[in-house]
Amino acid sequence: MTELALFFSSFVAVFALGFQQKNVTGHHYLAAFFTSFAIGGSQIILWRVVPGASTAQIIAALCGGPFGIIAAMAIHPRIMRRKAQP
């Protein structure tokens, strides 16, 4: 169960960081503001759990990042395009 929490926490952290980068370069101020909460919340979970993590838990945490960044790169343009349409 901890492995799953670490995977998703890492996924959310990297997803939010990637999403945030696209928000900043695209000057999406409100989206950047709210994305910061997802970054902070997911990092708090990682900071609390990772220091005592087993090898399997560390692997789970490391595996969440690649999936998170690919998802952010794919989803951000779709969300921002929908938001811009009247």
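Scroll up for the structure.
Definitions and limits used
- Residues numbered from 1 in each chain as written.
- Predicted model: local features only at pLDDT ≥ 70, side-chain atom pairs only at ≥ 80, totals over all residues.
- Heavy atoms only, no water.
- Helix = DSSP H or I, 4+ residues; strand = E, 2+ residues; numbered from the N terminus.
- Contact = heavy atoms within 4.5 Å.
- Buried < 20%, exposed > 50% of the residue type's maximum accessible area, 1.4 Å probe, protein only.
- Axes fitted to C-alpha atoms, helices over the stretch in contact; angles between N-to-C directions.
- Parallel < 35°, antiparallel > 145°, perpendicular 65-115°, else oblique.
- Left-handed = near helix turned anticlockwise from the far one by under 90°.
- Nonpolar A, V, L, I, M, F, W, Y, C, P; charged D, E, K, R; others polar.

Engineer: Kindly report on the environment of Lys22, identifying the contributing residues and their values.
Structural biologist: With respect to the helices and strands, Lys22 occurs in helix H1 (residues 2-25). Expressed as a C-alpha distance, the spacing of Lys22 and Met73, which sit 51 residues apart in the sequence, is 8.3 Å. Those residues in contact with Lys22, other than ones at most four positions away along the chain, are His28, His76 and Pro77.

Engineer: Describe unusual backbone geometry, naming the residues involved and giving the relevant values.
Structural biologist: Although it is not a glycine, His27 sits at a positive phi angle of roughly 60°. Examined against the element boundaries, His27 turns out to sit in the loop between H1 and helix H2 (29-49). Here His27 falls in the exposed class, since its relative accessible area comes to 57%.

Engineer: Explain the packing of H1 against H2 to me, using residue names and the numbers behind them.
Structural biologist: The geometry of H1 relative to H2 is characterised by a closest axis approach of 8 Å and an angle of 150° between their N-to-C directions. Accordingly, the angle class assigned to the pair H1 and H2 is roughly antiparallel. Two packed elements cross with a definite hand, and for H1 against H2 that hand is left-handed. Here Thr2, Leu6, Ser9, Ser10, Val12, Ala13, Ala16, Leu17, Phe19, Gln20 and Asn23 of H1 come into contact with H2, specifically with Ala31, Ala32, Thr35, Ser36, Ala38, Ile39, Ser42, Gln43, Ile45, Leu46 and Val49. Considering only residue class, the contact of H1 with H2 consists of 13 nonpolar, nine polar and no charged.

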